[in-house]
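Chain and residue survey
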Amino acid sequence: MNPQPVTITFDGRPLTAAAGQSVGAALASQGVTAWRSTRKGGRPRGLFCGIGVCFDCLVTVDGETNQRACLVEVCEGMEVEGS
Amino acid sequence: MSVTVDVAVVGAGPAGLAAAVAAAEAGARVAVVDAGNQPGGQFWRHAPETVQRQAADVQADGHGHHGWNTYLDLRARFDAAQHAGRITYLPGLQVWMAERSEDGFVLRTTPAVASAGAAPVTVTADRLVLCPGGYDRQLPVPGWDLPGVLAAGGIQAFIKANGVLPGKRFVIAGTGPFLLPVAAGIAEAGGKVLAVLESSAPSAWLPHLAAASGVPGKALEGAEYAAAFARHRIPYRTRSIVTEVLGSDRASGVRTARVDPAGRVRPGTERVYGDVDVVGFGWGFTPQMELPVSLGVETRLDADGSLVGVVDDRQQSSVPGLYLAGEVTGVGGATLAVLEGLAAGAAAARPDPGVPVKPPAAIARHRRFAQAMHQAHPVPAAWQDWLTPDTTVCRCEEVTAGDITEAREDLGARDVRSLKSFTRAGMGWCQGRVCGFAAACLGAGPGEAPGAGSLAGSAKRPLAAPVGIGELAALDG
């Protein structure tokens, strides 16, 4: 099983991911563990529940805000931004 | 778009797939709404089918899965019923509101992923089978909000869906048999599991319990994990907990301790594991109760302290025409979920059998086994002692243990709903799904477990999923 690599950008930086991977998996497997800061404490957040329940891993995907990184599948040219 | 059917099924995991197949094969027109992009749910989560694959890959997906042949059988029947026009499959959609109508039920849905392009669908059905499953139950501990801390099930889902690991060096902690497949899966995928910390002491329970309950398959599973632990040299430490996750902006280690049977830390047993990049926590599971609760089903507390729905011998809830299957009737695993799904689907397809129905004996056996498992793996009574006042409990709204105990002591807020209004615990994005159980325990007080009323308050969510203003505005009537 060797899925085609796709290129996405994370905060403008190009990042290689495997086709079908979630955005969260693409980030975490490249060593990016946090991509959001909390409103009150400014604490770093990334994946937690991994299955769409906790909303900790929210990212902006192609301009669409508040998307769960653990659920969104990467595709070629996808622009991902943290917050 | 709208769809009208005889039977609507929510969820396409073990229970939902089974219910859909059983209802369709009994002659009903069925619609299946599922948040996932492909059938399987969390338990049978597998590599994305959108990526071009060969037949061998489908078998390879089964690696590390239990009951994969059951999945392949249900999936083949599901696909056949879909091709025959008996099942309308609606993936990538979450139900944000379920309502009773004059002669049935109406489900309003919203895309799980905005960019994926699934259009909202309204489903109208005479009967409804809810199979929403569950997710890892969490107990907060200092540092659990650091990146690198994941739900145990989240780690497993990550590996099953992506075929890669979320880190290199893992500590898995909590309670319950589920920690075993999580750790074994990490090791099989090439990760290093430094330790599995189990708060209970279930010494050699599995073979005995499995035999006593009449489910020998569970003993085989246990033996497989024991072999995997031996092969990968994974230390399994019982009566042990993580007392703190260490690190400043991400998890880098854990402090652990031995505990007594009540979960109190035994002084002098502290130990530090450094060089950890992923910590996985799982304290059993929380059934997803918002849809059953919003439709008014009768609920009860199960042996694991979870709020679950009451069902009869045909899996029907206290609401006529509303059937429940899987974790929402009591956490019991995939085999039980499939049996319940088959029973619920068949009953929903033929609501009036004219004769009493005897549930399969296997359901009773698996329920007995699940009860024994819950009793062997309780949430430690003294877990609240592990918290410091500044430990985050509600991750969304950043509410601390100190905030909650203050509301309890000074304002008399003892149930989840009052705590929510005084502290905002459970008011954020996840609507208390993650902190609800812990907040309910804290409201009940040290050493106390929450009652069904408080947990039902936590599961009462005006919207079952976040939804856009546009979808609210589009509601007619």
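Everything below is about the structure shown above.
Remember, it's a predicted structure, so these values are computed and weren't measured experimentally. (Residues numbered from 1 in each chain as written. Chains lettered and ligands numbered in written order. Predicted model: local features only at pLDDT ≥ 70, side-chain atom pairs only at ≥ 80, totals over all residues. Heavy atoms only, no water.)

Overview of the overall build of chain B
For chain B, the helix and strand inventory stands at 15 helices and 21 strands. Scaling as 2.2 N^0.38, a compact globule of 477 residues should have a C-alpha radius of gyration of about 23 Å, and chain B matches this with 22 Å. On the principal axes, the C-alpha backbone points of chain B span a range of 65 × 55 × 45 Å. Every one of the 477 residues in chain B was classed for burial, and the buried ones make up 58%. (Helix = DSSP H or I, 4+ residues; strand = E, 2+ residues; numbered from the N terminus. Rg over C-alpha atoms; globule rule 2.2 N^0.38 Å. Buried < 20%, exposed > 50% of the residue type's maximum accessible area, 1.4 Å probe, protein only.)

Focus: the interface of chain B and chain A
Interfaces are often described in size by the accessible area the parts lose on coming together. On the chain A side, the residues contacting the 40 residues of chain B number 38 residues. Both sides together, the interface formed by chain B and chain A hides about 3300 Å², and carbon and sulfur atoms give 57% of it. When residues of chain B are sorted by the area they lose upon contact with chain A, Arg395, Glu398 and Trp429 of chain B head the list and together hold 18% of the total. Where chain B packs against chain A, one counts three salt bridges. Where Asp56 of chain A meets Arg395 of chain B, a salt bridge forms, and the shortest distance between an N and an O atom there is 2.6 Å. Our count for the contact surface shared by chain B and chain A stands at 13 residue pairs in polar contact (both at pLDDT 80 or more). Elements that contribute at least two residues to the side of chain B that touches chain A include exactly strand E7 (134-136), strand E8 (149-151) and helix H4 (152-162) of chain B. (Contact = heavy atoms within 4.5 Å. Buried area = accessible area lost by both parts, 1.4 Å probe. Salt bridge = Lys/Arg side-chain N within 4 Å of Asp/Glu carboxyl O. Polar contact = N/O pair within 3.5 Å; in protein donor to acceptor, adjacent residues only side chain to side chain.)

A few points about the pattern of salt bridges
In the structure shown here, the tally under the stated rule is 22 salt bridges over all chains. One salt bridge connects Arg77 of chain B with Asp73 of chain B, and the closest N-O pair in it is separated by 3.1 Å. Of this pair, Arg77 of chain B and Asp73 of chain B are both found in helix H3 (residues 68-83), four residues apart, which corresponds to roughly one turn of the helix. Its salt-bridge partner being Glu409 of chain B, residue Arg408 of chain B comes within 2.7 Å of it at the nearest N-O pair. Residues participating in the shared-partner salt-bridge network are Arg36, Arg45 and Asp56 of chain A together with Asp145 and Arg395 of chain B.

Points about the sheet that holds strand E11 (residues 236-238) of chain B
All names here are of chain B. Across the sheet, which stays open at both edges, the five strands sit in the order E8-E15-E9-E10-E11 with parallel pairing between neighbours. Each end of this open sheet is capped by a strand with a single partner; those strands are E8 and E11. Strand-to-strand, the axes of this sheet are offset by a mean angle of 20°, without reference to chain direction. Looking at chain direction, strand E10 (residues 192-198) and E11 are connected through three bridges and run parallel. By the bridge assignment, Leu197 is partnered in E11 with Arg237. In the packing of H4 onto the sheet, contacts are made with E8, strand E9 (169-175) and strand E15 (278-283), and the angle to E8 comes to roughly 85°. (Pairing = 2+ DSSP bridges. Axes fitted to C-alpha atoms, helices over the stretch in contact; angles between N-to-C directions.)

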